Amino acid sequence: MMSRIESVRALEILDSRGNPTIRVQLSLDDGVVATASVPSGASTGEHEAVELRDGESRFGGKGVHKAIENVHEVIAPALNGQDPTRQAEIDALLLALDGTPNKAKLGANAILGVSMAVARAAALASRLPLYAYLGGPGATRLPVPMMNIINGGKHADNSVDFQEFMVMPVGAPTFAEALRYGTETFHALARILKKKGYATSVGDEGGFAPNLESNEQACEIIVEAICAAGYEPGRDIALALDPAASSFWTSNGYDLAKSGQGRKTSDEMIALYQGWVEAFPIASIEDGLDENDWSGFARQTAAQGHRIQVVGDDIFVTNPAFIRRGIAEKTANAVLIKLNQIGTLSETMQAIALCREAGWNYVISHRSGETEDTFLADFAVAMGGGQIKTGSACRSERVAKYNRLLEIESELGKAAVFKSPFASNSSSVD
């Protein structure tokens, strides 16, 4: 007989920034117990599903007791006796219980915690690793990591306007080697920053947060670190950027106030990126323009999409409706995928299916407020998109995902595939 859901409980825990979030524990009648913890973002799109907070004095208003109450009093009774392998049906039930277009009643944090826990419980009951349960027998592709090694914007209190400067080990033969490439570059960067007299404190995602002279200097110093680590920029390791432009957009244009580089129009920002793409080995730019600058995104994609990956995050918020519009308007050529932007596993997988149909890339992503939960690592392998964004080689909540991917690669053995979306370096693990 198939296992059935017996109980659903939620607990208020802390994320990596010391703010409350939800951990859901789901038990089946065969003794299986699964947990899932929900991340939280700092740079958030205005159309993201609602993260329900208490708004009271506890934790500066960020407590999640209301969301936990919704798990216990609304969701748990409705899920009692349900088959956990019926993910789509359970997620549809969660949406019906909420009844709002943005999950404002129950909270996307409450709903997602349950949705993730259901999947993990079903995998355990099926005696399958989570990546194999969600992705099937073809789930063998390990993702190329986007490692955030210099932080700015909302993720760091420094002079850098752009939020993330990342390295992508596109020339590595395996995930384990890719992780080594990135980690060695991270440590080389630390030595260079220290030698130049810059601070080596880290931001929310584990990247360094120095007060550089310009945004461009971040690219220059990372290329220097790649070379110092013994790798060739562009061939072994490429750069990826996440300016998070919505965070510095104003009614008067894009205000690069932290670096003192002034205001720019959409076309001036596109020209700035064009210059960088020609000067540095950049493979991907995410959210180079504001989330409401649809025409600007389309112009950037038309100008640069043949050369780089133009990724939409805040503009799409992992929402199938926005992704459909983006495909029709040729807004980008890739989507950042964040589970808590949309709030259920099923809707997230629908968003990925749209990307596949359109021939777009997709990047499975963490949030700046993370937990030690490694669901994201398994999910990246299950979805097979070949890219994951989960922070630097620093801070345990980030490294936990990398270590889980190492485990998966080892478990898959010779069946493991590591293939960069930007290079023909497909290989199997020996």
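An unreviewed UniProt entry annotates the protein as Enolase of Methylocystis rosea. The Function (unreviewed entry) comment attached to the protein in UniProt states, word for word, "Catalyzes the reversible conversion of 2-phosphoglycerate (2-PG) into phosphoenolpyruvate (PEP). It is essential for the degradation of carbohydrates via glycolysis." UniProt, in its Sequence similarities (unreviewed entry) section for the protein, records the words "Belongs to the enolase family."

### Considerations on the environment of I75
Here I75 is to be found in helix α1 (residues 65-79). Of the residues examined, I75 reaches a relative accessible area of 0% and is grouped as buried. As for I75 and G153, which are separated by 78 residues in sequence, their C-alpha atoms are 37 Å apart. In this structure, I75 is in contact with N70, L94, L97, L106, A110 and V114, ignoring residues within four places of it in sequence.

### Examining the packing of aromatic side chains
What the rule picks out here adds up to 12 aromatic pairs. Residues W294 and F316 carry aromatic rings whose centres are separated by 5.9 Å and whose planes lie at 75 degrees to one another, so their mutual orientation is edge-to-face. Taken together, the residues W294 in helix α8 (residues 294-304) and F316 in the loop between β12 (309-312) and α9 (320-329) connect sequence positions 22 residues apart. Taken as a pair, W294 and F316 share a single burial class, namely buried. Taken together, F162, F165, F248, W249, Y254, Y273 and W276 form an aromatic cluster joined through their ring pairs. A cation over an aromatic ring shows up here: R325 above the ring of W294, its NZ or CZ 3.8 Å from the ring centre.

Definitions and cut-offs
- As a convention, each chain's residues are numbered from 1 in the sequence order in which they are written.
- In keeping with the model being predicted, local features are shown solely for residues with a pLDDT of at least 70 and side-chain atom pairs are shown and tallied solely at 80 or more, while totals for entire chains, interfaces and linings include all residues.
- Processing note: side-chain calculations cover all non-hydrogen atoms of the structure and skip hydrogens and water entirely.
- UniProt positions are given in the numbering used here, feature names are shortened, and annotations may be inferred rather than shown by experiment.
- Strands are runs of DSSP state E lasting at least two residues, helices are runs of H or I lasting at least four, and both sets are numbered from the N terminus onward.
- Throughout, exposure labels follow a simple rule: accessible area from a 1.4 Å probe, protein chains only, divided by the maximum for the residue type, with under 20% read as buried, over 50% as exposed, and the rest as partly exposed.
- The contact definition used throughout considers only heavy atoms, calling two residues in contact when any of these lie within 4.5 Å.
- Pairing of aromatic rings covers Phe, Tyr and Trp, the last through its six-membered ring, and needs centres within 6.5 Å; plane angles under 30 degrees mean stacked, over 60 mean edge-to-face, and all others mean tilted.
- For a lysine, the NZ atom is tested; for an arginine, the CZ atom; a charge sits over a ring if that atom is within 6 Å of the ring centre and within 35 degrees of the ring normal.

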